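Here's the letter readout for the chains.
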Amino acid sequence: LPASGVEAETNQPREAYPFLSWVAGAAHSQEVEGLVGEVTNARVMSRLLLFADVHPLNRPPPSIHNNKNDECGGGASGEMMARLASAARVQIIVGKTMRARGCEERTQNLIRTLAKCKNIKTVVRISGRLQSNPKVPECVDVVCSALEIISTS
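Caption draft 1: Quick look at the nonpolar core. Judged by nonpolar contacts, the single largest core of 25 residues is most densely connected at Leu84, Ile92, Val94, Ile126, Leu130, Val142 and Leu147. For this core, the elements supplying multiple residues, two or more each, are β1 (30-46), β2 (49-56), α2 (75-86), β3 (89-94), α4 (104-116), β4 (122-132) and β5 (139-152). Excluding residues within four positions of it along the chain, Leu130 makes contact with Gln30, Val32, Met80, Met81, Leu84, Val140, Asp141 and Val142.

Right, here's the structure in full:
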């Protein structure tokens, strides 16, 4: 029988990777829309993958969508929004989610632009799915589904 779920994605047993919310816990994920922040550090991992630290300039009221039933909800997903409100660090992940919702060329251009902005103040507007950061518990990750560069100076 073919493996399913986490085993199919990682070839590892579920217990070894409990933090893979993009595979195992997506049913309880929460979306944030319109988070505005300043990019403080961008790291290009590959042609279509970028991690960047963002200092939030606003923490908008949550746009809560429980993916399981498309109703407003709390529970495990509400916990992520509470963590975002008090997070010491926010990291954005730009990659396959944006590519799937837009186009590959646009995603590549955004990654190139953000990578060049090391000494330039860059303000972005972010929408995406919140998830825990497995390596840094005080950090909240936002898997970007939309990213707009508002200003550079």
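Caption draft 2: Examining α4 more closely. Its 13 residues place the ends of α4 19 Å apart at the C-alpha level, agreeing with the 18 Å of an ideal helix rising 1.5 Å per residue. Considered for burial, the residues of α4 that qualify are Thr107, Gln108, Leu110, Ile111 and Leu114. Relative to the axis of α4, the buried residues are bounded by an arc of 160° and lie together on one face. Along α4, the residues that are exposed and aim more than 90 degrees away from the buried face are Glu105 and Lys116.

Caption draft 3: Spotlight on the side chain of Asp53. Relative to the elements of secondary structure, Asp53 occurs in strand β2. Within the local environment of Asp53, its side chain forms a polar contact with the side chain of Arg43, the two groups lying 3.5 Å apart. For Asp53, the contacting residues outside a window of four places in its chain are Glu38, Val39, Thr40, Asn41, Arg43, Arg89, Val90 and Gln91.

Caption draft 4: Fine view of the sheet that holds β1. Spatially, the 5 strands close up into a barrel ordered β1-β2-β3-β5-β4, and their pairing is mixed. Each strand of the sheet is rotated relative to its neighbour by a mean of 50°, with strand direction disregarded. Bridge count between β1 and β4: 8 bridges; the pairing is antiparallel. Residue pairing in the sheet places Val32 in a bridge with Gly128 of β4. Sheet strands touched by α4: β1, β2, β3, β4 and β5. Its angle to β5, the strand with the most contacts, is close to 85°.

So, how was this worked out
Residues numbered from 1 in each chain as written. Predicted model: local features only at pLDDT ≥ 70, side-chain atom pairs only at ≥ 80, totals over all residues. Heavy atoms only, no water. Core = buried A, V, L, I, M, F, W, Y, C linked by side-chain atoms within 4.5 Å. Buried < 20%, exposed > 50% of the residue type's maximum accessible area, 1.4 Å probe, protein only. Helix = DSSP H or I, 4+ residues; strand = E, 2+ residues; numbered from the N terminus. Contact = heavy atoms within 4.5 Å. Expected span 1.5 Å × (residues − 1). Arc of directions from axis to C-beta. Polar contact = N/O pair within 3.5 Å; in protein donor to acceptor, adjacent residues only side chain to side chain. Pairing = 2+ DSSP bridges. Axes fitted to C-alpha atoms, helices over the stretch in contact; angles between N-to-C directions.

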